[in-house]
Protein chains: 4
Amino acid sequence: MDEVTVKIIERPELNNPVMVEGLPGIGLVGKLAADHLLDELKGKKFAELYSVFLPPQVVIQEDGTVKLVNNEFYYVRRNGTDIVILTGDFQGITPDSQYKISESTLDVAQQFNVKTIYTLGGLGTGNIVKKPKVYGAATSKEIIKKLKEYGVIFKGGGGIFGASGLLLGLGQLRGIECACLMGETHGQIIDAKAAEALLEVLTKILGIEIDMKKLEEKAKMTEREMNEISKMITSQREALEREQRISDDIPSYIR
Amino acid sequence: MDEVTVKIIERPELNNPVMVEGLPGIGLVGKLAADHLLDELKGKKFAELYSVFLPPQVVIQEDGTVKLVNNEFYYVRRNGTDIVILTGDFQGITPDSQYKISESTLDVAQQFNVKTIYTLGGLGTGNIVKKPKVYGAATSKEIIKKLKEYGVIFKGGGGIFGASGLLLGLGQLRGIECACLMGETHGQIIDAKAAEALLEVLTKILGIEIDMKKLEEKAKMTEREMNEISKMITSQREALEREQRISDDIPSYIR
Amino acid sequence: MDEVTVKIIERPELNNPVMVEGLPGIGLVGKLAADHLLDELKGKKFAELYSVFLPPQVVIQEDGTVKLVNNEFYYVRRNGTDIVILTGDFQGITPDSQYKISESTLDVAQQFNVKTIYTLGGLGTGNIVKKPKVYGAATSKEIIKKLKEYGVIFKGGGGIFGASGLLLGLGQLRGIECACLMGETHGQIIDAKAAEALLEVLTKILGIEIDMKKLEEKAKMTEREMNEISKMITSQREALEREQRISDDIPSYIR
Amino acid sequence: MDEVTVKIIERPELNNPVMVEGLPGIGLVGKLAADHLLDELKGKKFAELYSVFLPPQVVIQEDGTVKLVNNEFYYVRRNGTDIVILTGDFQGITPDSQYKISESTLDVAQQFNVKTIYTLGGLGTGNIVKKPKVYGAATSKEIIKKLKEYGVIFKGGGGIFGASGLLLGLGQLRGIECACLMGETHGQIIDAKAAEALLEVLTKILGIEIDMKKLEEKAKMTEREMNEISKMITSQREALEREQRISDDIPSYIR
């Protein structure tokens with residue numbers, strides 16, 4: 001396995017595809033929005049991204065079979081503009097792996113002719129609001145102008161960390177039109193409301209409609225599943241460190 | 001030395017070999033079981049795996065000679081189905097090294113014609129039970145069905161961390177049939193009982209019989225040896241950091 | 001993207017160029033001095049250095065567009081001796097990346113015919129002084145002799161960490177004449193005064209004059225901007241770790 | 001610069017050379033012994049080892065010139081058996097770099113025809129003793145037998161961490177005869193007495209005599225110099241992290 005390996009499952013001919021990215025981040029806002037979009041639009045998986053920089057573990061599925069952790073690409077056929085959705089349970093573990101995984105993601109995007117990318121995330125404010133706003137940042141003034149028409153708020157300052165930021169930064173260097181949409185959120189809680197606010201704007205941009213009813217419920221299930229995996233993994237990891245005491249010592253040596 | 005180096009000592013022609021992996025993890029359950037199986041079946045070493053991602057150290061043996069830390073492959077001749085046993089005192093130190101070492105392990109397995117792999121581990125529950133159960137996860141529904149007949153319990157949810165999980169995840173991508181057997185264990189203590197429960201199921205699956213008498217005693221010796229190595233290594237490592245104060249500072253800079 | 005990528009924007013024919021480096025460090029002294037020099041001399045950007053070892057993030061600019069974090073090379077035309085200025089908001093994250101980025105920086109310097117490099121930094125004393133002294137270290141006795149004539153103080157002992165040190169150490173191996181100028185500073189505060197002291201010496205060495213009026217004000221703006229980016233990035237990073245709990249656990253496993 | 005770069009300064013034809021390694025470790029015992037041996041025998045430097053895995057910094061020397069941190073190889077002409085001495089202020093920062101640097105060290109050793117290597121270190125006991133014992137570990141029973149005749153004590157158990165261990169482990173795989181000599185020491189203090197005990201045994205093995213008078217004094221100077229470098233580097237490093245707050249945050253993200 002290379003550092004990052006992309007497994008292409010199907011090679012659909014996509015029509016003017018727009019890519020939507022939603023990986024874990026603040027309030028899980030981006031991931032919840034992308035996962036819900038995927039479920040409602042019944043996307044079809046066409047590629048999987050594996051990496052030695054994702055956590056070294058498998059997830060046990062309902063039927064007892066395992067799945068190596070990965071990021072997944074789905075496509076949805078629409079009139080005029082198809083949609084590619086990128087989801088996953090993890091981002092790269094180290095800073096340099098964030099770059100490498102984002103580069104491979106852009107390679108897939110370009111291979112399937114994606115010209116525009118929307119990355120989804122949360123903007124933590126420490127406040128709980130009734131009607132979360134949607135903030136943006138983008139690779140060009142043209143896309144900013146367009147997004148302002150959909151009510152996206154642009155204010156300079158600050159930065160964007162991880163995949164949602166790097167896809168913009170690296171996409172910009174490749175000449176891909178990218179924007180990051182950030183739902184206003186508290187920051188410490190999993191926030192289905194902010195994901196809904198994001199989707200309201202995003203669906204208008206994409207010219208589609210989706211049902212939001214199951215979003216809240218899905219947020220709870222996501223939290224439950226992640227907790228379950230986390231509990232089991234944590235105890236294994238800690239044990240590995242404890243039993244294998246010497247090895248446990250060494251890593252502390254690299255601090 | 002490459003990042004991972006496999007030194008082949010002998011090239012036995014193996015007959016339908018099944019591989020059993022037991023590296024350090026929860027309660028040392030997997031390692032104790034594999035080490036005991038190896039001793040009872042009097043396996044013969046045929047390959048050694050070295051890696052720059054194993055701790056940078058040697059172990060001092062009884063006679064004063066040293067041994068560079070490694071993982072070791074043994075084989076056992078059986079009627080019909082030979083057995084390959086993989087043991088070692090360490091797993092890879094970094095997440096990406098876990099992937100690289102597991103890939104090399106699968107390379108060895110395929111080179112010697114292994115078609116099925118059982119990885120052994122513990123499932124930490126926080127409870128001490130009289131009769132530990134054996135849980136499983138696997139790469140296909142077929143192997144799950146077969147293992148259920150031996151009393152292995154499959155329930156979805158959670159995940160498997162480290163070599164025992166990655167061999168399944170990466171093996172699945174290569175089309176190798178793999179299952180992880182996990183002995184129910186407290187999680188904080190070295191658990192010979194859980195290892196015995198594992199071996200009772202595993203030996204039935206393999207169609208062999210072994211004596212369990214020395215397992216308890218071996219668990220104590222393993223703990224003693226690991227403590228001894230750990231104590232000596234820890235003081236050296238700490239001293240290296242302290243004396244070499246500047247270098248000690250730098251690693252904290254990468255935090 | 002390679003580990004370090006240099007994007008050449010323009011290929012000016014430079015006349016005996018001297019390079020001045022000012023990246024973040026003690027009291028931001030070096031960065032403030034280099035940034036101010038750049039503004040006053042109205043340098044023109046000719047190259048950008050990107051690296052997977054810089055933080056995985058973009059900065060959001062005033063107009064809402066993003067910029068991938070990088071280091072930047074500017075040139076200034078002078079009678080007789082042109083000046084190259086290297087600035088940036090970050091140094092490499094890991095020790096080995098410090099080496100790799102410094103090597104690429106020297107490659108650019110040599111490509112554009114740079115024969116002398118001045119790196120700028122602070123020397124932390126824990127004291128606040130009215131008239132900060134300027135200390136030095138260099139690659140040869142000849143340059144030390146010359147710099148002493150400008151009032152630079154040389155006293156043996158100690159070391160220089162990061163880009164300001166490595167450019168000297170690696171430049172020395174390549175036969176490039178390099179000196180590090182360090183402004184005396186408290187160490188815990190952003191220090192425009194020490195930057196001014198540095199610039200007073202450096203401009204004499206370079207035979208130029210610049211206005212210092214806006215330096216103080218610029219120091220405040222720099223601090224404000226860095227705080228703003230920091231606040232937004234920190235909350236995103238922490239959220240990523242929290243939501244993605246499993247992944248959060250793994251990195252702690254590599255400690 | 002490659003990950004590890006060896007710069008050969010001179011190519012002496014060595015006569016049956018024995019290599020002695022002394023890098024920082026417990027009580028600085030090995031480093032003090034090797035440095036003293038080097039000074040007394042007036043070794044001549046013939047090679048320098050640089051690495052991106054050594055700390056990213058230069059040391060400022062008495063005259064104000066800088067030196068990039070490195071490991072250094074010296075040779076000493078003796079009747080019958082020449083001696084190669086390896087010294088330095090640092091070991092590799094990460095576990096894998098320990099392997100890579102040790103491999104390069106063995107490459108140099110073999111290139112100059114070294115057939116036997118003695119690595120020097122301390123064995124921390126937590127006690128202060130009047131007459132420190134010398135313990136050993138080695139790559140073969142033959143060398144153990146020989147060393148016992150010089151009073152070196154061999155008792156199984158424990159391990160050796162870092163360069164002093166890896167040179168044995170990796171040397172063993174290459175068929176080089178290696179032994180580690182460990183001076184009994186408290187572990188928390190710089191211990192010239194243990195270094196003297198080591199040298200008393202080592203000089204007998206090598207069939208040479210050296211004066212021990214300056215050893216104590218040199219130990220104090222070594223401690224003073226290391227403290228001075230450490231103090232200056234620490235403040236720079238901390239400042240770099242503080243000023244460059246965002247970057248400071250990121251590394252904590254990889255924990």
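Thresholds applied
Residues numbered from 1 in each chain as written. Chains lettered and ligands numbered in written order. Predicted model: local features only at pLDDT ≥ 70, side-chain atom pairs only at ≥ 80, totals over all residues. Heavy atoms only, no water. Helix = DSSP H or I, 4+ residues; strand = E, 2+ residues; numbered from the N terminus. Rg over C-alpha atoms; globule rule 2.2 N^0.38 Å. Contact = heavy atoms within 4.5 Å. Lys, Arg positive; Asp, Glu negative; His and termini not counted. Charge placed at Lys NZ, Arg CZ, Asp CG, Glu CD. pLDDT = per-residue confidence, 0-100. Buried area = accessible area lost by both parts, 1.4 Å probe. Salt bridge = Lys/Arg side-chain N within 4 Å of Asp/Glu carboxyl O. Polar contact = N/O pair within 3.5 Å; in protein donor to acceptor, adjacent residues only side chain to side chain. Nonpolar A, V, L, I, M, F, W, Y, C, P; charged D, E, K, R; others polar. Pairing = 2+ DSSP bridges. Axes fitted to C-alpha atoms, helices over the stretch in contact; angles between N-to-C directions. Least-squares fit on C-alpha atoms with pLDDT ≥ 70 in both. Expected span 1.5 Å × (residues − 1). Buried < 20%, exposed > 50% of the residue type's maximum accessible area, 1.4 Å probe, protein only. Phe/Tyr/Trp six-rings, centres within 6.5 Å; stacked < 30°, edge-to-face > 60°. Parallel < 35°, antiparallel > 145°, perpendicular 65-115°, else oblique. Left-handed = near helix turned anticlockwise from the far one by under 90°.

What chain A contains, in helices and strands, is seven helices and eleven strands. Taken against the 2.2 N^0.38 rule, which gives 18 Å for 255 residues, the C-alpha radius of gyration of chain A at 19 Å falls within 12% of a compact globule. Sequence-distant contacts, at least 24 apart, represent 77% of the contacts inside chain A between residues at least 6 apart. Once the 32 positive and 36 negative side-chain charges of chain A are each reduced to a mean point, those two points are 5 Å apart.

Residues and elements named next belong to chain A. For chain A, per-residue confidence averages 91 on the pLDDT scale, and residues scoring 70 or more make up 94% of the total. The model gives residues 246–255 a pLDDT under 50, and that stretch makes 50 contacts with residues more than four places away or in other chains. Overall fold confidence (pTM) sits at 0.91, and the ipTM for the predicted complex is 0.90.

Glancing now at the interface of chain D and chain B. Contacts between the two partners involve 59 residues from chain D and, on the opposite side, 45 residues from chain B. Counting each side, the surface lost to burial between chain D and chain B is near 4400 Å², with a carbon and sulfur contribution of 64%. Where chain D touches chain B, the interface holds one salt bridge. The residue D63 of chain B makes a salt bridge to K141 of chain D at a minimum N-O spacing of 3.9 Å. If you look at where chain D meets chain B, you find twelve residue pairs in polar contact (both at pLDDT 80 or more).

Listed per partner, the contact involves 45 residues of chain A and 59 residues of chain B. Contact between chain A and chain B buries roughly 4400 Å² in total, counting both sides, with carbon and sulfur atoms accounting for 65%. At the junction of chain A and chain B, the tally comes to one salt bridge. For the pair chain A and chain B, the number of links is twelve residue pairs in polar contact (both at pLDDT 80 or more). Elements with a contribution of two residues or more to the side of chain A that touches chain B: β3 (44–51), β4 (57–60), β5 (66–68), α6 (215–243) and α7 (245–253) of chain A. The residue makeup of the side of chain A that touches chain B, split by class, is 24 nonpolar, ten polar and eleven charged. Note that β4 of chain A and strand β10 (residues 159–161) of chain B share three bridges and pair antiparallel. Looking across to β10 of chain B, one finds that V58 of chain A is bridged to I160 of chain B.

Moving on: the sheet that holds β10 of chain B. Here we have three strands laid out as an open sheet, ordered β5(A)-β4(A)-β10(B), and antiparallel in their pairing. Across the chains shown, the open sheet's two edge strands, defined by having one partner strand only, are β5 of chain A together with β10 of chain B. The mean angle between the axes of side-by-side strands here comes to 25 degrees, regardless of whether they run parallel or antiparallel. Summarising the sheet, β4 of chain A and β5 of chain A pair through three bridges and their orientation is antiparallel. Within β5 of chain A, the position partnered with V58 of chain A by the bridge is L68 of chain A.

This next bit is on the sheet that holds strand β4 (residues 57–60) of chain D. In a beta sheet, neighbouring strands are held together by backbone hydrogen bonds and run either parallel or antiparallel to one another. The strand order β10(C)-β4(D)-β5(D) describes an open sheet built from three strands, whose pairing is antiparallel. Edge positions in the sheet fall to β10 (159–161) of chain C together with β5 (66–68) of chain D, since each of these pairs with one other strand and no more. Averaged over all neighbouring strand pairs, the angle between strand axes comes to 25 degrees, with direction disregarded. This element, helix α4 (residues 163–174) of chain C, spans β10 of chain C together with β4 and β5 of chain D of the sheet and lies at about 85 degrees to β5 of chain D.

Expressed as a screw operation, the relation of chain D to chain B combines 0.1 Å of axial shift with a rotation of 90 degrees, fitting to an RMSD of 0.0 Å. Interpreted geometrically, this transformation is the action of a four-fold axis.

Here we come to helix α1 (residues 29–41) of chain D. Residues and elements named next belong to chain D. Counted at 1.5 Å a residue, the expected span for α1 with its 13 residues is 18 Å, and the 18 Å between its end C-alpha atoms agrees. Within α1, eleven of the 13 residues are buried, leaving the element largely enclosed by the surrounding structure. Buried within α1 we find V29, G30, K31, L32, A33, A34, D35, H36, L37, L38 and L41.

So, about unusual backbone geometry. Residue and element names in this part refer to chain A. The phi dihedral of K42 is positive, around 50 degrees, even though this residue is not glycine. Mapped onto the secondary structure, K42 falls in the loop between α1 (29–41) and β3. Judged by its relative accessible area of 70%, K42 is exposed.

Time to look at the packing of aromatic side chains. Both the distance between ring centres and the angle between the ring planes are used here to describe each pair of aromatic rings. Going through the model one piece at a time under the given rule, you end up with twelve aromatic pairs over all chains. Geometrically, the ring pair formed by F46 of chain B and Y75 of chain B is edge-to-face, given 5.8 Å between the ring centres and 65 degrees between the ring planes. Of the two residues, F46 of chain B sits in strand β3 (residues 44–51) while Y75 of chain B sits in strand β6 (residues 71–76), which places them 29 residues apart along the sequence. Residue classification places F46 of chain B among the buried residues on the basis of a relative accessible area of 1%. An aromatic cluster is present here, built from F46, F73, Y75 and F112 of chain A joined pairwise through their rings.

The next subject is the pairing of strand β9 (residues 134–138) of chain B. Residues and elements named next belong to chain B. The buried count for β9 comes to five of five residues, which makes it a mostly enclosed element. Burial along β9 is two-sided: the face carrying V134, G136 and A138 and the face carrying Y135 and A137 are both buried. Bridge count for β9 against strand β11 (residues 177–185) is five bridges, and the pairing is antiparallel. Counted as the bridge partner of Y135 is M182 from β11.

Residues and elements named next belong to chain B. Orientation of helix α1 (residues 29–41) relative to helix α5 (residues 192–206), taken along the N-to-C sense of each, is 55 degrees, at an axis distance of 8 Å. Classified by the angle their axes make, α1 and α5 are oblique. Handedness of the crossing formed by α1 with α5: right-handed. The residues of α5 that touch α1, namely those facing V29, L32, A33, H36 and L37, are A192, A194, A195, L198, L199, L202 and T203. Residue classes in the contact of α1 with α5 are distributed as ten nonpolar, two polar and no charged.

Further remarks concern the environment of I144 of chain C. Along the chain, I144 of chain C falls in helix α3 (residues 141–148). In this structure I144 of chain C comes out as buried when scored by relative accessible area, which is 4%. Linking I144 of chain C and C178 of chain C, residues 34 residues apart in sequence, is a C-alpha distance of 9.8 Å. Those residues within four positions of I144 of chain C in sequence are excluded, and the remaining contacts are A138 and F154 of chain C together with D63, G64 and T65 of chain D.

Below, the discussion takes up the pattern of salt bridges. Residues and elements named next belong to chain C. Across all of its chains, the model carries 61 salt bridges over all chains by this definition. A salt bridge links E3 to K100; the nearest nitrogen and oxygen atoms lie 3.3 Å apart. Taken together, the residues E3 in the segment before β1 (4–8) and K100 in helix α2 (residues 95–111) connect sequence positions 97 residues apart. Residue E3 is classed as partly exposed on the basis of its relative accessible area, which comes to 33%. Note that K67 is salt-bridged to E72, the shortest N-O span being 3.6 Å.

All names here are of chain D. Within the secondary structure, G88 sits in strand β7 (residues 83–88). You can call G88 buried: its relative accessible area is 8%. Here the alpha-carbon distance between G88 and L23, two residues 65 residues apart in the chain, equals 5.6 Å. Every residue in contact with G88, bar those within four places of it in the chain, is listed here: G22, L23, P24, K31, N70 and N71.

As a further point, take the pairing of strand β7 (residues 83–88) of chain B. Moving residue by residue along a regular strand, the side chains alternate between the two faces of the sheet. Residues and elements named next belong to chain B. Burial runs high along β7: six of the six residues are buried. With burial as the criterion, each face of β7 is covered, one bearing I83, I85 and T87 and the other bearing V84, L86 and G88. Sheet topology places strand β2 (residues 18–22) next to β7; five bridges connect them, and they run parallel. By the bridge assignment, E21 is partnered in β7 with L86. Of the pairings in the sheet, the one linking β6 to β7 comprises six bridges and is antiparallel in character. Bridge pairing links N71 to G88 in β7. Counting the residues in the hairpin turn of β6 and β7 gives six residues, including G80, whose phi is positive at 85 degrees.

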